[in-house]
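Structural overview
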Amino acid sequence: MFNYKRRVLLSFLVCTITLCLLQTVVYINYTKNTMHDFICQVGIIYEECPQKTGSIINKINKYQYEDQDLVYAKGQEALAVYGYGTNSINYFKSLTISSYHYIFLILGLVICLTLLGIYTKRPATKIATIICDLIRNIELSMNTLPIQLETTITNIPVINELNAQIISLVEQLNHQIELLKRAQADRTVFIENISHQIKTPLTCISLDLELLSNVNSPDKIAIYTDSCYTQIDHIEALINRLLKIGKLESGKIHYEFLEHNLLDTINVLCNSLEAKYSGKKVTLSYDPEDSYIISYDIVWLYEALDNIANNCYLYSYDNQGIELELTRYDSYIKIILRDHGIGISTKDLPNIFDRFYRSDQTKNQEGFGIGLNLAKLVIEDHHGSIFAQSDNRSTQFIIHLPLIIS
């Protein structure tokens, strides 16, 4: 484990201190040499002209605060008179900073930068190793499903953030893999159910045709022929419903949302049910003072309600009808369809809207197991909701439809 920021900060601090120390040594050396040379020159002046030494020193100090360029020009002129011009010996050579000082300064800088590189190389190498191991683990884990990825936890925030992002991506990939597996399983079940639903009427047709070939009685011929047509209608109805569900799920259905009176649609449904199931009465209850005008697609919503109502009739007792309740609230209309029959077990209740689902109680009953699934798709496309409640005496389907579809 290592702290990359602390290493960089410490290296920068050491480098700065070293450079400051080198610069301090150069400055001290320069000051010491300058002061030594100045004192030596004062000694020479005192030896040559002791009576004027004080005034000369005062003059030098005075010129430090006056025009330096003018004084410098006069100095060069005086030196030239005595043969110490620019082409001669540099009288002030001892007062300049030696080039060796700069060499040592640059050398110290190079050493500090080298130490900084060595000191920071290890964490950089460690980061590269972690990233390479991470890439290698990703490549190896892609060969197994679901993906199992091992990451290294460090105290480097950027590496930990990268690990977190990759782990999140792996979790999303595993979720998608799980969804694909479920889709594959659903497709297998779908094909098996379709095969079963079609195989049964085809078997009946095959038997009827075999019997039809061995009879001469017009009455029996008519019976077997009608049976074949019934099974063909059965297959056609199944295919039509599957095509409708396919269009609903693919979004190819264009709903025509217009304002209609839901009560009128319910009345048409009740009349159709009473004509179809003459032995079972349908009871409709609602508040005549309320308005039930909402926006919906009249064809598709009628199809959904008809599927639910037929399901209620199919599984109710022979001498029992169904009940419909219509109630208006501030933001939605509530529809209840209730039967009085065999009920739905607690185990089966969460699955009744799944396609092709048939409980053990209803496997011998007529139906495909797709009517409730189609109804749920349509109601949800109308921004509504549907759920069921049941006991061993009755089942009720509760639908909520919004007053305004946004």
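If you're wondering where the values come from, they're calculated on a predicted model, not measured in any experiment.

**Brief notes about the packing of helix H6 (residues 218-250) against helix H9 (residues 371-381)**
To characterise two packed helices, one gives the angle between the axes of the helices and the distance between these axes. Two elements in contact, H6 and H9, have axes whose closest approach is 10 Å; the angle formed by their N-to-C orientations is 30 degrees. Relative to H9, H6 is oriented roughly parallel. Of the two elements, H6 crosses H9, and the hand of that crossing is left-handed. Taken together, the residues of H9 that come into contact with H6 (itself represented by Arg-241, Lys-244, Ile-245, Leu-248 and Glu-249) are Gly-371, Asn-373, Leu-374, Leu-377, Val-378 and Asp-381.

**Description of the packing of helix H7 (residues 262-276) against helix H8 (residues 298-314)**
Two elements in contact, H7 and H8, have axes separated by 10 Å at closest approach and are oriented at 40 degrees. Classed by the angle they form, the pair H7 and H8 counts as oblique. For H7 against H8, the interelement crossing comes out right-handed. Residues Leu-262, Thr-265, Ile-266, Val-268, Leu-269, Ser-272, Leu-273 and Lys-276 of H7 touch H8, and the partners they reach there are Ile-298, Leu-301, Tyr-302, Leu-305, Asp-306, Ala-309, Asn-310 and Tyr-313. Grouping the constituent residues of the contact of H7 with H8 by class yields eleven nonpolar, three polar and two charged.

**Describing the sheet that holds strand S7 (residues 395-402)**
Through backbone hydrogen bonds, the strands of a sheet pair up, either in parallel or in antiparallel fashion. Taken together, five strands build an open sheet; the order of strands is S2-S4-S5-S7-S6 and the sheet is mixed. Looking at strand neighbours, the two that pair on one side only are strand S2 (282-286) and strand S6 (385-390), the edges of this open sheet. Each strand axis lies, on average, 15 degrees off the axis of its neighbour in the sheet, ignoring direction. Two elements, S6 and S7, share six bridges in a ladder whose sense is antiparallel. Paired with Phe-387 across the strands is Ile-398, a residue of S7. Sheet strands touched by H7: S2, strand S4 (322-328), strand S5 (332-339) and S7. Its angle to S2, the strand with the most contacts, is close to 165 degrees.

**Some thoughts on the confidence of the model for the protein chain**
Across the protein chain, pLDDT averages 77, with 75% of residues at or above 70. For the protein chain, the element scoring lowest by mean pLDDT is helix H4 (residues 99-141), at 68; S5 scores highest, at 93. In the model, residues 91-97 has pLDDT below 50 throughout and makes ten contacts with residues more than four positions away in sequence or in other chains.

**Overview of the pattern of salt bridges**
Per the stated rule, a full pass over the model turns up four salt bridges. Residues Glu-325 and Arg-338 are paired through a salt bridge, measuring 3.2 Å at the closest nitrogen-oxygen approach. Linking Glu-325 in strand S4 with Arg-338 in strand S5, this pair joins segments that are 13 residues apart in sequence. Shared partners join several salt bridges into a network, and the residues in it are Glu-323, Glu-325 and Arg-338.

**Looking at the packing of aromatic side chains**
The tally for this structure, following the rule as stated, stands at six aromatic pairs. Aromatic side chains Tyr-329 and Tyr-332 sit 4.9 Å apart centroid to centroid with 20 degrees between the ring planes, which places their arrangement in the stacked category. For Tyr-329, a relative accessible area of 34% translates into the label partly exposed. Relative to Phe-397, the ring of Phe-353 lies with its centre 6.3 Å away and its plane at 80 degrees, an arrangement referred to as edge-to-face.

Rules used throughout
- Positions within a chain are numbered from 1, following the residues in the order the chain's sequence is written.
- Local features in this predicted model are restricted to residues of pLDDT 70 or higher, and side-chain atom pairs are both shown and tallied only at a pLDDT of 80 or more, whereas totals for entire chains, interfaces and linings draw on every residue.
- Water and hydrogen atoms play no part in the side-chain values, which are based on all heavy atoms of the structure.
- Between the N-to-C directions of two axes lies an angle of 0 to 180 degrees, each axis being a line fitted to C-alpha atoms and, for a helix, fitted only over the stretch in contact.
- Note on conventions: DSSP H or I runs of at least 4 residues are helices, E runs of at least 2 residues are strands, and numbering of each starts at the N terminus.
- Put simply, angles under 35 degrees are roughly parallel, angles over 145 are roughly antiparallel, angles from 65 to 115 are roughly perpendicular, and the rest are oblique.
- Crossing handedness is defined as follows: a turn of the near helix away from the far one that is anticlockwise and smaller than a right angle gives a left-handed crossing, while the clockwise case is right-handed.
- Between two residues, a contact is recorded if the distance between any of their heavy atoms is within 4.5 Å.
- Under the convention adopted here, Pro, Cys and the residues Ala, Val, Leu, Ile, Met, Phe, Trp and Tyr are nonpolar, Asp, Glu, Lys and Arg are charged, and Gly plus all remaining residues are polar.
- Two strands form a pair only when DSSP identifies at least two bridges running between them.
- Every residue gets a pLDDT, meaning the predictor's confidence in that residue, from 0 to 100.
- Put simply, a salt bridge is a Lys or Arg side-chain nitrogen that is within 4 Å of an Asp or Glu carboxyl oxygen.
- Stacked, edge-to-face and tilted labels apply to pairs of Phe, Tyr and Trp rings (six-membered ring for Trp) whose centres lie within 6.5 Å, assigned for plane angles under 30 degrees, over 60, and everything in between, in that order.
- Relative accessibility decides the category of a residue: with a 1.4 Å probe and only protein chains considered, values under 20% of the type maximum give buried, values over 50% give exposed, and everything between is partly exposed.

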